[in-house]
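Residue-level structure breakdown
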Amino acid sequence: MSARVGWPDVGKGVCIILVVLWHVVTKHAIEVDGAGAITGAWATLNAQLLPLRMPLFFLISGMFAGSVVNAPARTPWRRRAGRLAAVYVIWVVIQTFVLALTPDFDTARAENGWQLLAQLTISPTNLWYLLALAVYLLIARLVRHVPAAVVLPVAFAIAAVAAAGVIPDLGNLWQLAQNLFFFLAGLRLRGVVERFAAASTPLRTLMLLMAYVIAAGAVGVLGMRQWPGVWPLLAVVAVAVGVAACAMIDRHLGVVARRLRWVGQRTLPIYVIHMIPLALIDGALRGAGWVAMPAVEVVWPIVLTAVVIAVCLVVHAGLERVGLAVLFDPLRPLDRMAQARMAG
């Protein structure tokens, strides 16, 4: 497997599409007047993918963090973590102002300075993935000399505690705690994951999928979601399905894989921007008296997800064209200054 190509980018493409779809369904579709059983089915399907979306995203992120975490110098990981934290701050502030235009849209937004400070620190917003990565890099750096046999069980225990609802409900803080395990697993077990992906077959993928469906069904029927250790174990199975499925797509479905890899290499602008066009579209449709109809409910989440992603990429290209690429890479001016000094 080569960096930035192959199944990991397919996986990132799948994950970011599922993230946008999740928000389309939970923050828009189910709130539309007339939404019925079909939209409810979309919401149920999305809920079953919770153990897959972010854990797989973090596993892949961890796989490619080794060179930064284990670098002899401190600068690489500090710059990576600082860049992520800065992007988080910038886009939380941008969202705060833009989302004020859509007060009926159901998402967390700061209404005063104290709330904004909380969202930037202890109560992460929907952009929590960026803050989590910055924190994970710090933790990974601090424990880089501790054996994986110690680090991973401790991270798994933290995930189990977070999934059990013990952590106070402060925004997405609990998600930040419970996904550390998958980032560290990707970092420490990259070779294992690569070999697993390489050895995956359609039959093995199908068997894993069946195992996940059965396990997820049992968890739902028996109400086991917050039982100690159940969620992270279920997520491990889901991630195994995701890795195997993405490897199969990359290996056997070239046309689909190329498009998913293309999206997977552009996850940052989609992630930080997508809530804004979704909120604005939701507000416009509410104002126009949009009413859900069964025939539309079937395809509407897919259509709107595609529209939101397309808008994000267009906006990103436009911002870069007018010289605002710094919104996505705040340290770029410093990098250019450093390069200029070295060249001089």
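Definitions and cut-offs
- Residues numbered from 1 in each chain as written.
- Predicted model: local features only at pLDDT ≥ 70, side-chain atom pairs only at ≥ 80, totals over all residues.
- Heavy atoms only, no water.
- Helix = DSSP H or I, 4+ residues; strand = E, 2+ residues; numbered from the N terminus.
- Rg over C-alpha atoms; globule rule 2.2 N^0.38 Å.
- Buried < 20%, exposed > 50% of the residue type's maximum accessible area, 1.4 Å probe, protein only.
- Contact = heavy atoms within 4.5 Å.
- Areas by Shrake-Rupley, 256 points an atom, 1.4 Å probe, with all protein chains shown as cover.
- Lys, Arg positive; Asp, Glu negative; His and termini not counted.
- Charge placed at Lys NZ, Arg CZ, Asp CG, Glu CD.
- Phe/Tyr/Trp six-rings, centres within 6.5 Å; stacked < 30°, edge-to-face > 60°.
- 1 Å grid on protein atoms, 1.4 Å probe; cavity = no way out; pocket = protein on both sides within 12 Å on 5 of 7 lines; lining within 4 Å.
- Points joined across faces, edges and corners; volume = space filled by probe spheres on them.
- Nonpolar A, V, L, I, M, F, W, Y, C, P; charged D, E, K, R; others polar.
- Axes fitted to C-alpha atoms, helices over the stretch in contact; angles between N-to-C directions.
- Parallel < 35°, antiparallel > 145°, perpendicular 65-115°, else oblique.
- Left-handed = near helix turned anticlockwise from the far one by under 90°.

**Topic: the overall build of the protein**
Within the protein one finds 18 helices and 0 strands. Relative to its length of 344 residues, the protein is compact, with a C-alpha radius of gyration of 20 Å against a globular reference of 20 Å. Across the 344 residues of the protein, 46% fall into the buried class. Looking at the protein alone, contacts between residues at least 24 apart form 83% of all its contacts between residues at least 6 apart. Only carbon and sulfur atoms are counted for the fraction: they give 70% of the accessible area of the protein, which is about 16,400 Å². Placing the 27 positive and 14 negative side-chain charges of the protein at their respective mean positions leaves the two points 16 Å apart.

**Here we look at the packing of aromatic side chains**
The tally for this structure, following the rule as stated, stands at 11 aromatic pairs. One aromatic cluster is present, built from ring pairs that chain together Phe57, Phe58, Trp128, Tyr129, Tyr136, Phe183 and Tyr271.

**Some thoughts on the layout of surface pockets**
Computed from the structure, the second largest pocket encloses a volume of approximately 570 Å³. The wall of the second largest pocket is formed by 25 residues, among which Trp22, His23, Trp128, Asn172 and Gln175 lie closest to the centre. Those elements that place two or more of their residues in the lining of the second largest pocket are helix H1 (7–27), helix H3 (50–63) and helix H9 (173–178). Among the elements that make up the lining of the second largest pocket, the one with the highest residue count is H1 (5 residues). Residue composition of the lining of the second largest pocket, by class: 11 nonpolar, 10 polar and 4 charged.

**What to know about the packing of H1 against helix H16 (residues 275–287)**
Remark: H1 packs on H16, axes separated minimally by 11 Å, with the N-to-C direction vectors making an angle of 30°. Relative to H16, the element H1 lies roughly parallel. Our pair here, H1 against H16, has a crossing hand that is right-handed. The residues of H16 that touch H1, namely those facing His23, Val24 and Lys27, are Met275, Leu278 and Asp282.

**Notes on the environment of Val236**
Its place among the elements puts Val236 in helix H13 (residues 230–252). A C-alpha to C-alpha distance of 15 Å links Val236 and Arg204, two positions 32 residues apart in sequence. In this view, Val236 contacts Phe181 and Phe182; residues no more than four positions away in its chain are not counted.

**Quick look at the side chain of Gln178**
Within the element layout of this structure, Gln178 appears in helix H9. Ignoring any residue separated from it by four or fewer positions in sequence, one finds Gln178 in contact with Ala159, Ala162, Ala163, Arg225 and Trp231.

**Thoughts on the environment of Ile16**
Position of Ile16 relative to the elements: it lies in helix H1. Ile16 sits 244 residues away from Leu260 along the chain, and the two C-alpha atoms are 9.8 Å apart. Residues in contact with Ile16, not counting those within four places in the same chain, are Phe57, Val263, Thr267, Ile270 and Tyr271.

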